[in-house]
Structures are given as C-alpha cells and as structure tokens.
Amino acid sequence: MPQVPSEKALVPFVSVENMMRLVHQVGIERMLLELTDAIEADFRRWEIFDKTPRIASHSRDGVIELMPTSDGETYGFKYVNGHPKNSNDGLQTVTALGLLAEVSSGYPVLLTEMTLLTALRTAATSAMAARHLAPGNAKTMAMIGNGAQAEFQALAMKAVVGIEAVRLYDIDPRATAKTARNLAGSGLAVTSCRSAQDATEGAEIVTTCTADKQFATILTDNMVGAGIHINAIGGDCPGKTELHRDILLRADTFVEYPPQTRVEGEIQQMAPDYPVTELWRVVRGEAAGRRDARQITLFDSVGFAIEDFSALRYVRERLKGTDFYQDIDIIADPDDPRDLFGMLQRAKA
Ligand SMILES: NC(=O)c1ccc[n+]([C@@H]2O[C@H](COP(=O)([O-])OP(=O)(O)OC[C@H]3O[C@@H](n4cnc5c(N)ncnc54)[C@H](O)[C@@H]3O)[C@@H](O)[C@H]2O)c1
C-alpha cells in the first residue's frame, strides 16, 4: 500500500512562477509597503534575533553566501550569490533561495525562490532607511546602476517615501533604456542621464546600485550637496565599494549590523572604530536619524539576514488562502521515526 507522508514532511515550496503570481496578486507597490513594515517590525525587536555576519565564500569571480538568523521560534536562512561578471554570460549577478524552519522541531516550513524576493526586500529595506533618514519632502531620486535591482528600488521609494521622479544613469545605456521602459506607466517621471553627476542634479535621494568586483568610485565628493540622503546598495563585499571616502567623512553613516558592514560596506575604507549608527536604534527612536536639512545621511547597505527572515515570514503569511505554492516531499518520513532504513524499502521495485 502506498504510504502517505505526514503533514510535517510536506514543505510548501514557492517557485519563481508562483512568486511572480503572488507579487501581482498583492500589487508590487503594496507588497513593497507591506515588506517595509514587516522589516521595520523585526528591526524593532532586533535584540531577540541570533545575529552573525553572513558566511561568505569568495572566489575570483564572485561570492556565495549563507545568511542565517532565528527569533527563537522560527529559523531562517538565505543562500545568495554575487557575481558581477555573470551578466556578460547572460546570467544574473544575484540569485537566491531561502528556507524557514520551526525551531521547536527543526522541521522546515517554507522553501522559496528568493531572487525576486531579495530585490523586493532590498528595496523595502532601502525605503525603510529613507523613511527615517531622507529629507521629509524628497521628490527626486538619482538611480545610478540600472540593473536587476533598479526598478524595485525606484518603486519602493515611490510607495514608501513618495518620490515622484527618478533620474537614471548606468555605464551601459541599454540598462538605462530597459529601466526607463519598465518604469513607463509607473507614475514616476523618468529621466535618462548621461553621467552620474547629471543624475544627481536636483535629487534629494541618491541610490548607487552598481556591480563591480573592485573598489569603484561611482560618487565623488563634488556630486554630493548638503541635505542629500545616499542609499548605497552595491558596496557589499570586501574590496567592493562605490563611494569616495571623502563623502563618508562628510556624512553620518547608518548601518545594519556593524560586524558585517565593517568588513563588507563602504566603511571598510575607514578605521575599524569609525563611528556609525545602527539603523534599528533609529527605528526604535533610541538614536537620531536625520537631524537637520543640511545633514548628509548615508545608508551603507550590505543586506542583513534579519531582512530576509522578515521577507520569508511575510511570504509565509501571505501564502495563506492562496494556491501559490506546492507541497513538496522533501523531508524523509518513516512511519517509525527510527526506521529510516525500513522506509527506504517503500521504493523497492
Ligand atoms: N545591499 C544589499 O542588500 C544588496 C542586495 C542585492 C544586491 N546588492 C548589490 O547591488 C548591486 C546591483 O545588483 P544588481 O542585481 O542590480 O546587479 P546587475 O548586474 O543586474 O546591475 C548592475 C548595473 O551596474 C552597472 N554599472 C557597473 N558599473 C557602473 C558604473 N561605474 N557606473 C554606473 N553603472 C555601473 C552595470 O552596467 C549594471 O547595469 C550588486 O553589486 C549587488 O551585489 C546589494
């Protein structure tokens, strides 16, 4: 008689196709808003999480990382890569998948694609930071680096912060044309620019989201006027930065998890005790965010495990009542828990 796996042995799996359906059912801007709130809720309870810098395996061409955390009830991790040269081979720079498990039994409760979800959660985290750090009336964002993350960043800043215009620049004009095409009809006024300097003209928020596996200088000091909020996404690995260090000296720097950011972020260019403010303290009202209209604020984003946990938790909740997942038979499930060998015989021809 065929054996039926127990309920816990079947794990809900969200394919890329189903993630796309979920995003459209919720609506992308609404989902970015809800994800921003989910991440912010977890930043408010920062202390209860297990925290460790992500575990990175570096190679000549890129990095593969594992990003684990737990809130004591649920454990989560993301597998993610970063390979700037991939796009030359028709592959993506960043791909990811993620898992949630219940701490009490260790059994997984969700397995999902996370390439799309990473773009969404990165944009939502940027928007959360901007909500606390950007000038209150920010209407224009410069978007430097028009690759896979770009549209998500622009739409999150629109949905959460209320920007109305985006000024695009990429060294590859085809990337800018793609982003402009994708944002047409979004309600954002889109301008394609000829240089990074041109893109920053009149922008209250400057997002850098480029990919290069070397120290780069996407922004120089002269491009950064008083009162700007810089959302630096692409500097997220040892040896991979986007800002000239003089900018850091003029800015107040906000980070996710200092032990990780000091190794991976823009501040790897600075002394190990360079002063930073942890974003979760700002979210909780325990540290100042933007203090005045002339202050330059910098969110030195690298991406931290708690943001992925929040996104996974959000997707698990959002899946309820939908058919946007398949139950997959991924956990071995002997009738007698000690008889794993006996279970193996079920498949004997
Ligand atoms: N902080 C985070 O949480 C987080 C999350 C996801 C991705 N990232 C990082 O963000 C970056 C962008 O990711 P993506 O998936 O959009 O990559 P992508 O390869 O799709 O796009 C990168 C774009 O940057 C452009 N570019 C490279 N050098 C440039 C320069 N000097 N000036 C202007 N444009 C330049 C490229 O032409 C390309 O279009 C990567 O470095 C990635 O590692 C960070």
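Residues numbered from 1 in each chain as written. Predicted model: local features only at pLDDT ≥ 70, side-chain atom pairs only at ≥ 80, totals over all residues. Heavy atoms only, no water.

Draft legend 1. View of the overall build of the protein. Scanning the protein from terminus to terminus reveals 11 helices and 15 strands. Dimensions of the protein, computed from the C-alpha atoms along their principal axes, are close to 75 × 45 × 40 Å. Out of the 349 residues belonging to the protein, those deemed buried represent 52%. Separation of charge centres in the protein, based on 36 positive and 47 negative side chains, amounts to 2 Å. (Helix = DSSP H or I, 4+ residues; strand = E, 2+ residues; numbered from the N terminus. Buried < 20%, exposed > 50% of the residue type's maximum accessible area, 1.4 Å probe, protein only. Lys, Arg positive; Asp, Glu negative; His and termini not counted. Charge placed at Lys NZ, Arg CZ, Asp CG, Glu CD.)

Draft legend 2. Structural view of the pairing of strand S9 (residues 189-192). When strand S8 (residues 165-169) meets S9, the two strands line up parallel, connected through four bridges. In the strand pairing of S9, Ala-165 is matched with Ala-189. In the classification by handedness, the crossover that spans S8, the intervening helix H5 (residues 173-183) and the parallel S9 is right-handed. (Pairing = 2+ DSSP bridges. Right-handed = clockwise from strand over helix to strand, strands pointing away.)

Draft legend 3. Representation of the side chain of Asp-308. By secondary structure assignment, the location of Asp-308 is in helix H10 (residues 305-319). Note on Asp-308: relative accessible area 1%, which makes it buried. Sequence-distant contacts of Asp-308, defined by excluding residues within four places in its chain, comprise Met-67, Lys-78, Met-114, Thr-118 and Arg-121. (Contact = heavy atoms within 4.5 Å.)

Draft legend 4. Spotlight on the site of the ligand. Around the ligand lies a shell of 24 residues, among which Thr-93, Gln-149, Asp-170, Thr-210 and Lys-240 are the nearest. One nitrogen or oxygen atom from the main chain of Thr-210 is found 2.8 Å from an oxygen atom belonging to the ligand. Starting from 870 Å² of accessible surface for the ligand in isolation, the protein chains cover 87%. A class-by-class count of the residues in the shell around the ligand yields 10 nonpolar, nine polar and five charged. (Near = heavy atom within 4 Å. Polar contact = N/O pair within 3.5 Å; in protein donor to acceptor, adjacent residues only side chain to side chain. Areas by Shrake-Rupley, 256 points an atom, 1.4 Å probe, with all protein chains shown as cover. Nonpolar A, V, L, I, M, F, W, Y, C, P; charged D, E, K, R; others polar.)

Draft legend 5. Focus on the side chain of Thr-297. For Thr-297, the position within the fold is in strand S14 (residues 296-300). Among the polar contacts made by the side chain of Thr-297, one reaches the main-chain carbonyl oxygen of Leu-133 at a distance of 3.2 Å. For Thr-297, the side chain forms a polar contact with the side chain of Arg-290, separated by 3.1 Å.

Draft legend 6. Main features of the sheet that holds strand S2 (residues 55-58). Spatial strand order, S2-S3-S4-S5-S6-S1-S15: seven strands in an open sheet with mixed pairing. At either end of the open sheet lies a strand with only one pairing partner, and these are S2 and strand S15 (326-329). Going from strand to strand, the sheet's axes swing by 20 degrees on average, the running direction of each strand aside. Pairing of strand S1 (residues 10-14) with S15, which is carried by four bridges, proceeds in the antiparallel orientation. Among the inter-strand pairings, Pro-12 is bridged to a residue of S15, identified as Asp-327. Across the sheet, H10 touches S1, strand S3 (63-70), strand S4 (74-82), strand S5 (96-102) and strand S6 (108-113), and the angle it forms with S3 is around 70 degrees. (Axes fitted to C-alpha atoms, helices over the stretch in contact; angles between N-to-C directions.)

Draft legend 7. View of the nonpolar core. Core analysis: the largest hydrophobic core is formed by 68 residues, its most contacted members being Ile-205 and Val-315. The leading source of residues in this core is helix H3 (residues 115-133), at 10 residues. Not counting the four nearest positions on each side in its chain, Ile-205 is found in contact with Ala-130, Ala-134, Ala-138, Thr-140, Met-141, Ala-142, Met-157, Val-161, Ile-163 and His-229. Counting 26 residues, the second-largest nonpolar core is a separate cluster that includes Ala-142, Ala-196, Val-224 and Met-270. (Core = buried A, V, L, I, M, F, W, Y, C linked by side-chain atoms within 4.5 Å.)

Draft legend 8. Highlighting the sheet that holds strand S7 (residues 140-144). Within the open sheet, the eight strands sit side by side as S9-S8-S7-S10-S11-S14-S12-S13. Their pairing is parallel. Here the strands that pair on one side only, and so sit at the sheet edges, are S9 and strand S13 (277-278). Of the strands in this sheet, S7, S8, strand S10 (205-208) and strand S11 (229-232) are in contact with helix H4 (residues 150-161), which crosses S7 at around 165 degrees. Across the sheet, H5 touches S8 and S9, and the angle it forms with S8 is around 160 degrees.

Draft legend 9. Structural detail: the packing of H4 against H5. In the contact formed by H4 and H5, the axes pass within 10 Å of each other and the chain directions differ by 40 degrees. When the axis of H4 is compared with that of H5, the two are oblique. For the pair H4 and H5, the crossing hand works out as right-handed. Along its contact with H4, which presents Ala-150, Glu-151, Ala-154 and Leu-155, the element H5 presents Lys-178, Thr-179, Asn-182 and Leu-183. When the residues that make up the contact of H4 with H5 are grouped by side-chain class, the tally is four nonpolar, two polar and two charged. (Parallel < 35°, antiparallel > 145°, perpendicular 65-115°, else oblique. Left-handed = near helix turned anticlockwise from the far one by under 90°.)

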